[in-house]
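Read off the chains here:
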Amino acid sequence: MKSLFDRTKMGTLSMRNRFIRAAVSDTTFGGFVEETMITNYAAIARGGVAAIVTGMTLVDGEEHMFPVVALCSDSFILGHRKLAEAVHRHDVRLIAQLAYIGSYAAVGDNTWIVAIAPSSVSNIVTGTLAREMRLGEIKLIQKRFADAAARAREAGYDGVEIHCAHGLLLSQFLTPYYNRRTDEYGGSIENRSRMIIETYTQIRSATGYDFPVWVKLNCDDGIEDGITEEDFLYVCGLLSKAGIDAIEVSGNWTPHIFKVGPYFRAAATAAADNSAPTIITGGNRRVSTMHEILNKTNIEFFGIARPFAREPDLIDRFRRECEKLPAGDEKFRKSSSF
Ligand SMILES: Cc1cc2nc3c(=O)[nH]c(=O)nc-3n(C[C@H](O)[C@H](O)[C@H](O)COP(=O)(O)O)c2cc1C
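Residues numbered from 1 in each chain as written. Predicted model: local features only at pLDDT ≥ 70, side-chain atom pairs only at ≥ 80, totals over all residues.

**Some remarks on the overall build of the protein chain**
Logical step 1: Check the secondary structure of the protein chain and you find 12 helices and 13 strands.
Logical step 2: Computed over the C-alpha atoms, the radius of gyration of the protein chain is 19 Å, within 12% of the 20 Å expected from 2.2 N^0.38 for a compact globule of 338 residues.
Logical step 3: Seen along its three principal axes, the alpha-carbon backbone of the protein chain occupies a region of about 60 × 40 × 40 Å.
Logical step 4: Sequence-distant contacts, at least 24 apart, represent 71% of the contacts inside the protein chain between residues at least 6 apart. (Helix = DSSP H or I, 4+ residues; strand = E, 2+ residues; numbered from the N terminus. Rg over C-alpha atoms; globule rule 2.2 N^0.38 Å. Contact = placed C-beta atoms within 7 Å.)

**Some remarks on the packing of helix α7 (residues 229–241) against helix α8 (residues 265–274)**
Logical step 1: Viewed as axis vectors pointing N to C, α7 and α8 meet at an angle of 30 degrees, and their least axial separation amounts to 9 Å. The two elements α7 and α8 meet at a crossing, and its hand is right-handed. Across the interface between the two elements, Glu229, Phe232, Leu233, Cys236, Gly237 and Ser240 of α7 pack against Ala267, Ala270, Ala271 and Asn274 of α8.
Logical step 2: Within the contact of α7 with α8, the residues separate by chemical class into six nonpolar, three polar and one charged. (Axes fitted to C-alpha atoms, helices over the stretch in contact; angles between N-to-C directions. Left-handed = near helix turned anticlockwise from the far one by under 90°. Nonpolar A, V, L, I, M, F, W, Y, C, P; charged D, E, K, R; others polar.)

**Structural notes on the site of the ligand**
Logical step 1: Taken together, 20 residues lie around the ligand, and Ala23, Ser25, Met56, Ala305 and Arg306 are the ones closest in.
Logical step 2: Looking at the shell around the ligand, its residues break down into eight nonpolar, 10 polar and two charged. (Near = placed C-beta within 6 Å.)

**A few points about the pairing of strand β9 (residues 159–164)**
Logical step 1: β9 sits mainly inside the fold: six of its six residues count as buried.
Logical step 2: Residues Gly159, Glu161 and His163 point to one face of β9 and Val160, Ile162 and Cys164 to the other, with burial holding for every one of them.
Logical step 3: Pairing of β9 with strand β10 (residues 213–218) involves five bridges; the strand directions are parallel. Counterpart to Cys164 in the pairing with β10 is Leu217. (Buried ≥ 20, exposed ≤ 12 C-beta atoms within 10 Å, placed from the backbone. Pairing = 2+ DSSP bridges.)

**A word on the pairing of β10**
Logical step 1: Burial runs high along β10: six of the six residues are buried.
Logical step 2: Sheet topology note: the β10/strand β11 (residues 246–250) ladder contains five bridges and is parallel. By the bridge assignment, Leu217 is partnered in β11 with Val249.
Logical step 3: Handedness of the β-α-β unit built from β10, α7 and β11 comes out right-handed. (Right-handed = clockwise from strand over helix to strand, strands pointing away.)

**Here's the deal with helix α3 (residues 135–155)**
Logical step 1: Taking 1.5 Å of rise per residue, the 21 residues of α3 would be expected to cover 30 Å, and the 31 Å separating its terminal C-alpha atoms lies within 8% of that figure.
Logical step 2: When α3 is considered as a whole, its buried residues turn out to be Ile138, Ile141, Gln142, Arg144, Phe145, Ala146, Asp147, Ala148, Ala149, Arg151, Ala152 and Ala155.
Logical step 3: Looking at the buried residues of α3, the elements they touch are α2 (77–88), β6 (93–99), β9 and α6 (194–207).
Logical step 4: Two residues or fewer after α3 comes Gly156, characterised by a positive phi angle close to 100 degrees. (Expected span 1.5 Å × (residues − 1).)

**A few points about the nonpolar core**
Logical step 1: Core analysis: the biggest nonpolar cluster contains 103 residues, and Ile20, Val49, Ile52, Val160, Leu217, Ile247 and Val249 have the highest contact counts within it.
Logical step 2: Here this core takes eight residues from α3, the largest share from any one element.
Logical step 3: Setting aside chain neighbours within four positions, we find Ile20 in contact with Val49, Ala50, Ala51, Val53, Ile279, Phe301, Phe302 and Gly303. (Core = buried A, V, L, I, M, F, W, Y, C linked by C-beta atoms within 7 Å.)

**Structural notes on the confidence of the model for the protein chain**
Logical step 1: In the predicted model, the protein chain carries a mean pLDDT of 93, and the fraction of residues at 70 or more is 95%.
Logical step 2: Counting interchain partners and residues more than four positions distant, the pLDDT-below-50 stretch residues 330–338 has 14 contacts. (pLDDT = per-residue confidence, 0-100.)

**Overview of α2**
Logical step 1: Between its terminal C-alpha atoms α2 stretches 16 Å, which fits the 16 Å expected from 12 residues at 1.5 Å a residue.
Logical step 2: Among the residues of α2, those classed as buried are Gly79, His80, Leu83, Ala84, Ala86 and Val87. Across the axial projection of α2, the buried residues extend over an arc of 160 degrees, all falling on one side.
Logical step 3: Elements in contact with the buried residues of α2: α1 (35–46), β4 (51–53), β6 and α3. (Arc of directions from axis to C-beta.)

**Observations concerning the environment of Ser119**
Logical step 1: Along the polypeptide, Ser119 turns up in the loop between β7 (116–117) and β8 (131–132).
Logical step 2: Residue Ser119 is classed as partly exposed on the basis of its 18 C-beta neighbours within 10 Å.
Logical step 3: For the pair Ser119 and Arg134, spaced 15 residues apart in sequence, the C-alpha separation works out to 9.6 Å.

Next comes the structure, spelled out in structure tokens:
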């Protein structure tokens, strides 16, 4: 039987258990890592998690006005290096989540900000009307991701995660509602996945195959004309074949915010059957449920985000609770104390 606390490997990355702090964006000004961020990450690292994915990190200076951290120029590397050192002191891996926000950002009255997107469509969440990207811009954004990944490596990160979920720019390429292009980046799922595959390939060229690259994908956009499960599985297969190190399965989680229980379980289970190591994120709260998933499916890792805000040492508590349990799968499953 597999244990949530197995010391295990994800590709080349040695992990002390199967729990990952999923990305939570860090508010900061000017894109720099701040001391409070280092203190918070160190507390979570001390609290027993195996890896931390940073909040979305901007790859392009064009988005510098958004108050999250950045890796869009070399001047940001020093702060990230301090963050990585603080986390590594606790035998915890640190993954930089790379993002281009696009029309998911509310620009409000700041009409001087022109968001770009696969097509000129109003964002359902923010109302931001985007300008359709030109082919040259598509290639430029791919390069921005690759350059930021190289900086992450230089800063001492253990890997990067490409943010292709939650309606951000790369995710929009997969979503028929947002992607109405008629060129090689729109239409069929082969075409809609091209932006992500090319971005991944560019990152590999910049960082090499020994540097872990993860992806966070929506299995369900939660909108009409969103990605289908078939399309999602197609992209998982394509990325796995291309050598991605892990796939974090997410989706539009906001309708589920009060739910306890992994609401993307079905899609993550299907993905894990044919893919690179799979991380399931969203609603993971009960050790008994995660233990069952670990032993009944091919899902191997569990992403948790919001609970760490009030309990940075959540995983240490999980471990203590597990140790108190009598041996035996059946008793374990019946426990409702988590
Ligand atoms: C305040 C906040 C900020 C978030 N920022 C990010 C982010 O930067 N990147 C990302 O992929 N997901 C982000 N998420 C989503 C989480 O990673 C996760 O997918 C979601 O919260 C569901 O997991 P949970 O039920 O364990 O909280 C954020 C969530 C919250 C609550």
